[in-house]
Amino acid sequence: MRRTARRDLEPVAETAGVGQRNGHQPAVRKVVAASVLVAAVSVLGACQDADGESTPGGASSAATDGPVRFEGSERYSQFASFAAQPGNRVVFGATLVQNTGTARATLTSADLTEQSADAGAELRSVRVIDLSDGGDMVGAAQWPFEDYAQRSQPLKGFALRPGSEAELLFVVDVAGAGKTEWTVSELQYDVGGTPFVTSAQFGFHVCAGDAC
C-alpha cells in the first residue's frame, strides 16, 4: 500500500494504520492492503449500501444532518484501487462510520455512486463489521477475504449503537475487462423513525484485464 496526503495514515510494514484520534492509539486499527492503492486529498465528502439481498439507496427526502458520519468525510477525499480479473468478486472497505448521537441508528441501505468509468462491474452487496472494540479494516481485496465474511453481517437492519463505530464492506462483481470507478460512498439509516442519509468522498476503482 502506498499513501499520499492523508496525515492520519501511517505505514505499518505492508499495511497502513489509522493514526491516533479520539483517544484511540494508532495500533488499535490498521488498514489491511491486498494489491491496493489508497490515496487521499483534502476535500469534502458523500455515501450509500446493500448485502445478501441488495438494498440500493435513493432516499432523496432523507435528512443529511443526522448523527452518523463517515470518519474523515469533512477533511479528505480517499480512494482504493484493485487490479482484478474478469469474473472476480472484490471488496472495498476502510469506510468507517460513527454514531455520534445518543440513540441507536438502524442502517437501511448503502451504495457506491458518482460513477465516472463503467466496465460493467456491479455492487453486489454491502456488509458491516462492528469495530467498537477496535480491529483491522480491509482497503481492497478479493472476496471473501480472510475471516471478514464470518465477522461481518448484512448491512440492512444493523443497529449502530450510540458512540460505536462500524466498517462498511462494499462487495463488487467484476464482469469484464476495463475500469469501473465510483467516487462517492453513501449510507442511509434511520433514527427513531426518521430517515437520514450521509455520504463521503470515499471512492473505489477496479480495473480488470491485461490493460491494468
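See the structure printed just above.
Residues numbered from 1 in each chain as written. Predicted model: local features only at pLDDT ≥ 70, side-chain atom pairs only at ≥ 80, totals over all residues. Heavy atoms only, no water.

## Section: the packing of aromatic side chains
Thinking step 1. For the coordinates displayed, the defined rule picks out six aromatic pairs.
Thinking step 2. Considering the side-chain rings of Phe92 and Phe204, the 5.0 Å spacing of their centres and the 5 degrees angle between planes classify their relative orientation as stacked. With Phe92 in strand S7 (residues 89-99) and Phe204 in strand S16 (residues 202-208), this residue pair connects regions lying 112 residues apart in the sequence.
Thinking step 3. When its relative accessible area of 0% is taken as the criterion, Phe204 is described as buried.
Thinking step 4. Ring centres of Tyr189 and Phe196 lie 5.4 Å apart, and the angle between their planes is 20 degrees; on these two criteria the pair is classed as stacked.
Thinking step 5. Tyr189 sits in the buried class, given a relative accessible area of 1%.
Thinking step 6. Over the ring of Tyr148 we find Arg151, and its NZ or CZ is 4.7 Å from the ring centre. (Phe/Tyr/Trp six-rings, centres within 6.5 Å; stacked < 30°, edge-to-face > 60°. Helix = DSSP H or I, 4+ residues; strand = E, 2+ residues; numbered from the N terminus. Buried < 20%, exposed > 50% of the residue type's maximum accessible area, 1.4 Å probe, protein only. Lys NZ or Arg CZ within 6 Å of the ring centre and 35° of its normal.)

## Considerations on unusual backbone geometry
Thinking step 1. A cis amide bond, omega 5 degrees, links Trp143 with the succeeding residue Pro144.
Thinking step 2. Looking at where Pro144 falls in the secondary structure, it is placed in the loop between strand S10 (137-142) and helix H1 (148-151).
Thinking step 3. Positioned with a positive phi, Ala94 is a non-glycine residue whose angle comes to about 65 degrees.
Thinking step 4. As for its position among the elements, Ala94 is in strand S7.
Thinking step 5. In this structure Ala94 comes out as buried when scored by relative accessible area, which is 13%.

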